[in-house]
Amino acid sequence: MTLLKTYNKDFSSKNKPPVVSVIGISKKFPGSIALDSVDFTILEGEIHALLGENGAGKSTLVKILYGIYVPDRGEIYIRGRKARINSPKEAIRQGIVMVSQVPQLIDKLTVAENLILGLEKYGFITRVGKVRYFIREKSREVGIEVDPDTEVWKLSYTQKQLVELLRALLLNAKVLLLDEAITFLPLIEKKKFYKFIRDFASKGGSVLLITHKIYEALEVADRITVLRLGRVVGTVPRSKVSPDDVRKMMFAERSSQVTYERLPISTPRESAALEISDLWVMGDHGDHAVRGVSLTLRAGEVMGIAGIAGNGQKELIQAIVGLRRVEKGRIRLYSEDITNRSVSKVRIRGVGYIPDQPAKYGLSLENSIEENLAMLPSLTNRLINWGSIRDLARKLIKEFNIMTPSPKTPVKFLSGGNIMKVLVSRELLVARRLLVAYNPTRALDEVTAIMVRKFIKEKASTEGIGVLVASEDLDEILQISDRIAVMNSGRVVGVFSSSEVVRDEIEKLMVM
Amino acid sequence: MRLVLVKRVKPLPLGGLVIPGASIVIGILISTVVLYVISRADPLVTLSCVASALVSPEIVLTFLFLTILGVALLVAFNGSIWNIGAEGQLWLGTAAATYIALFTTLPQAPVVAKVAMVLTAMALGGAWAAVAGVLRAYLSIDEVPVTLIMNYIAYYIINYLVRGPWLGKKTWGYIRTDMIPDQVKFTLLPGSTTVTYEVLVIAVLALIAVYFMLKYTSLGLRIRILGSNPDALKAAGVNVKALIITALTLSGAIAGAMGAAQLAGYLHRISYPIESHTANYGYTAILVAWLSMLDIRAVPVAAYIVSALYQAGISMQIAGISSASATYVFIGAVLLTFTVLRVFSEYSLRIIRG
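Just so you know, these numbers come straight off a predicted model, no measurement behind them.

**Structural notes on the domain arrangement of chain A**
Residue and element names in this part refer to chain A. Domain assignment breaks chain A into domain 1 (2-256), domain 2 (272-350 + 432-511) and domain 3 (367-430). Elements with a contribution of two residues or more to the side of domain 2 that touches domain 3: helix 11 (343-347) and helix 16 (446-463). Sort the elements by how many residues they give to the side of domain 2 that touches domain 3 and helix 16 lands first, with 5 residues. Of the residues that constitute the side of domain 2 that touches domain 3, the class distribution is 8 nonpolar, 2 polar and 4 charged.

**Some thoughts on the nonpolar core**
Formed by 197 residues in total, the largest nonpolar core has its most connected members in Ile68(B), Leu69(B), Met117(B) and Ala257(B). Broken down by element, the residue count for this core peaks at 17 residues, all from helix 10 (residues 240-267) of chain B. Looking at which domains feed residues into this core, each of domain 2 (272-350 + 432-511) and domain 3 (367-430) of chain A supplies at least three. With residues up to four places along the chain from it excluded, the contact list for Leu69(B) reads Ala86(B), Leu90(B), Ala255(B), Met258(B), Tyr281(B), Gly282(B) and Ala285(B).

**Things to note about the sheet that holds strand 16 (residues 351-354) of chain A**
Residues and elements named next belong to chain A. Strand order in the open sheet formed by 6 strands is 16-17-18-13-19-20, with mixed pairing between adjacent strands. The sheet terminates laterally at strand 16 and strand 20 (491-497), the two strands that pair on one side only. Neighbouring strand axes in the sheet, compared pairwise and without regard to direction, differ in orientation by 15 degrees on average. Relative to strand 19 (residues 483-488), strand 13 (residues 302-306) runs parallel, the two sharing 4 bridges. Across the sheet, Ile305 pairs through a bridge with Ala485, a residue of strand 19. The sheet contacts of helix 15 (residues 416-430) involve strand 16 and strand 17 (434-438), and relative to strand 16 the element is tilted by about 165 degrees. The sheet strands contacting helix 16 are strand 13, strand 17 and strand 18 (466-471), and the helix crosses strand 13 at an angle near 135 degrees.

**Overview of the interface of chain B and chain A**
Contact residues are listed per partner, giving 23 residues for chain B and 30 residues for chain A. Looking at which element gives the most residues to the side of chain B that touches chain A, the answer is helix 9 (residues 230-236) of chain B, with 6 residues. Across the side of chain B that touches chain A, the residue classes break down as 13 nonpolar, 6 polar and 4 charged.

**With respect to helix 14 (residues 386-399) of chain A**
Residues and elements named next belong to chain A. For helix 14, built from 14 residues, the straight-helix expectation of 20 Å at 1.5 Å per residue is met to within 8% by its first-to-last C-alpha distance of 20 Å. Turning to helix 14, its buried residues number three or more, namely Ile389, Leu392, Ala393 and Leu396. The arc that holds every buried residue of helix 14, seen down its axis, measures 100 degrees, which confines them to one face. Along helix 14, exposed side chains directed more than 90 degrees from the buried face belong to Gly387, Asp391, Lys395 and Lys398. Residues of helix 14 that are buried sit in contact with helix 13 (369-374) and helix 15. One or two residues past the end of helix 14 sits Asn401, with phi positive at roughly 50 degrees.

**Observations regarding the confidence of the model for chain A**
Averaged over all residues, the pLDDT of chain A is 86; the fraction at 70 or higher stands at 94%. Every residue in residues 1-13 of chain A scores below 50 in pLDDT, and together they form 6 contacts with partners more than four places removed in sequence or on other chains.

**Topic: helix 6 (residues 143-163) of chain B**
Residues and elements named next belong to chain B. Along its 21 residues, helix 6 runs 30 Å from first to last C-alpha, staying within 8% of the 30 Å computed at 1.5 Å per residue. For helix 6, the full list of buried residues reads Glu143, Val146, Thr147, Met150, Asn151, Ala154, Ile158 and Val162. Taken down its axis, helix 6 places every buried residue within 150 degrees of arc, on the same side. Exposed side of helix 6, more than 90 degrees from the buried face: Pro145 and Tyr160 are the residues found there.

What counts as what
Residues numbered from 1 in each chain as written. Chains lettered and ligands numbered in written order. Predicted model: local features only at pLDDT ≥ 70, side-chain atom pairs only at ≥ 80, totals over all residues. Domains from an automatic or database assignment. Helix = DSSP H or I, 4+ residues; strand = E, 2+ residues; numbered from the N terminus. Nonpolar A, V, L, I, M, F, W, Y, C, P; charged D, E, K, R; others polar. Core = buried A, V, L, I, M, F, W, Y, C linked by C-beta atoms within 7 Å. Buried ≥ 20, exposed ≤ 12 C-beta atoms within 10 Å, placed from the backbone. Contact = placed C-beta atoms within 7 Å. Pairing = 2+ DSSP bridges. Axes fitted to C-alpha atoms, helices over the stretch in contact; angles between N-to-C directions. Expected span 1.5 Å × (residues − 1). Arc of directions from axis to C-beta. pLDDT = per-residue confidence, 0-100.

Listed below in structure tokens is the structure:
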């Protein structure tokens, strides 16, 4: 009966009852204030976006709601009752489930086995069957099919995130916390997830969508709360705001720096920085991910590789830096053959590398900014000169406006965007001849992302290094590239110079 | 009212001192209770044994040995490479030094011989550990069982040598090697019957060299990062396989040096069977490494306390108050308390009312 009632309720009305209310939450971290008297409310049946630039305190707030951090001050009310959430277990008991940007699944287990972990409400014998059925039904509904009996390591990122969402539903979530959980999905699949959460909200569930992407918030949220430097700037209904309004709330006066104009074209030099000829590289699952790619990148030129995730861009880039074996074909760096050379040999020749998963392949989170600089063979000799490393760290912190209490703070205490800034600034520093990057600005807010693109472009044109940027964000590719190569199913299906490029044509080639 | 553990944003300030300190005090108190219950040892006598051990000159040699081994283990442990094989590495060091002392002509030049004893001991100890390093680096075989098993292989190799080719000529029926020549024995400190100049030098050098290595060399930094994110190291262009092997080799080499010091300064010969003649320093050093919380500056402190507890157990046994197991009661109680208290370095306890 109650269920029916919930279904029939008109959730577009303004009389939605609050589900979660946060009052006066403050949290201090060593050397910085992450949250300062934050108030906000999630209503029943609403999709609420939490927007903010890098380091605004979004993740801290979510971690408090999910019981990972305990606030220094302030209170949380759930359906009007004061709640103490001091562990994720307690949060789940209260109906709050988080899905983060990094899937938390166990690779060796199957999808069904992963979902059964932690489910106590199903009976001992029936549960495998039930879970299996649930997975089949739901994944068909969403349009991203997942076989309950595949091991998780075989799944794509999108499929893993779907499994995470299914887990939340199985846990009987009333409030979904999506901490950049959708932000990094390929565009086409993003739409399916939007449908999924709209559906969830229409049945009376609430969604808190944490994102640094304005368009994502505007596309799907009912209300938007903007955080800046740990404070709530305001909560606004989506229908009443434009992207520019939100941008002003997020960045204040810096919002004027946001532009999607194409950056000035650099003048490529004569010499080829990187020559790739007929390259074949294996993927993770035993088939070829890169199938006969040939490209030439001139010194001083920025080449963008457009494509939907999983079309061989990642493998191509890993092969260039030496992290993945080349089966066939040649890679030449300034005419020198570097095919299947070790990473150390490639990197020491002045190759900068911005990987897709900065926390795994980029930085060591337990170590400080200084130590993350000193770990690069191209920045230190056998003996480390900590004095000069410190000067370098200070310079990067200043130049890239990295928010950190000190160069000695372990990187794990920084926000996701600031961690990315540490990585990008370091790699720009060591890229003396070539920079290869995969989604270099994905975790960054608009202002920072544009700043990083400008830095990359400037480095290419003034120092004459070759830059190869693969990105799933077509706006980024269009803004930064002098030439654009489109990758699809491991092949380059088109190369355009940025002066003659037509966006539609690229999009067509990407999904073809 | 409920008690909850809450993760600290920052580790407990001075946790590196407070937690091991508290563990030692609580561990000793637990031990006195346990010893009272099982063998009616008067708690006051137990405590006085501990107190006198803390100032006993007897513990100096054990302290130096455990310092060297603690430093050796820290090289590997800082990179999350769990070298459980210091015991085997040190005994092979002893064997290598014995070979130089008894079966080469080097002892005719004593200084050369002493240096050669230590260096070959380091080479053999390092090589022994490197085997586990190669297996870990190239075949991803866990180093814990490998290093542990290799301890016993080391024992049995030496047992074989002592019973066979190395059996001494003047042993009065004992199965053991001959004494090493007097001129290659290490030089005793004035007033001591066990502590030598050389072992003191080895301990100080090891401590300073490894401190310097971890802090000021890229090798040390990379070993520390290896403990938290090997993938990032690889992408940065560091040869991670070579790094793993280097860390284990260095660890084994330092343990080997202690083995040479044990022979030339104290044992002077190897007796069969090793497993009943060993003081198990290689294992006890694991406790030292843990109590130091992998901070090299704390290694001497941890080694001092562990060696005092070691000595307290022995003196209780000699006084007939308790059996030989008293040592292990002390060490076990401290380690257990430490394991529990370590949680508070990362977590704090909060009381929640209502």
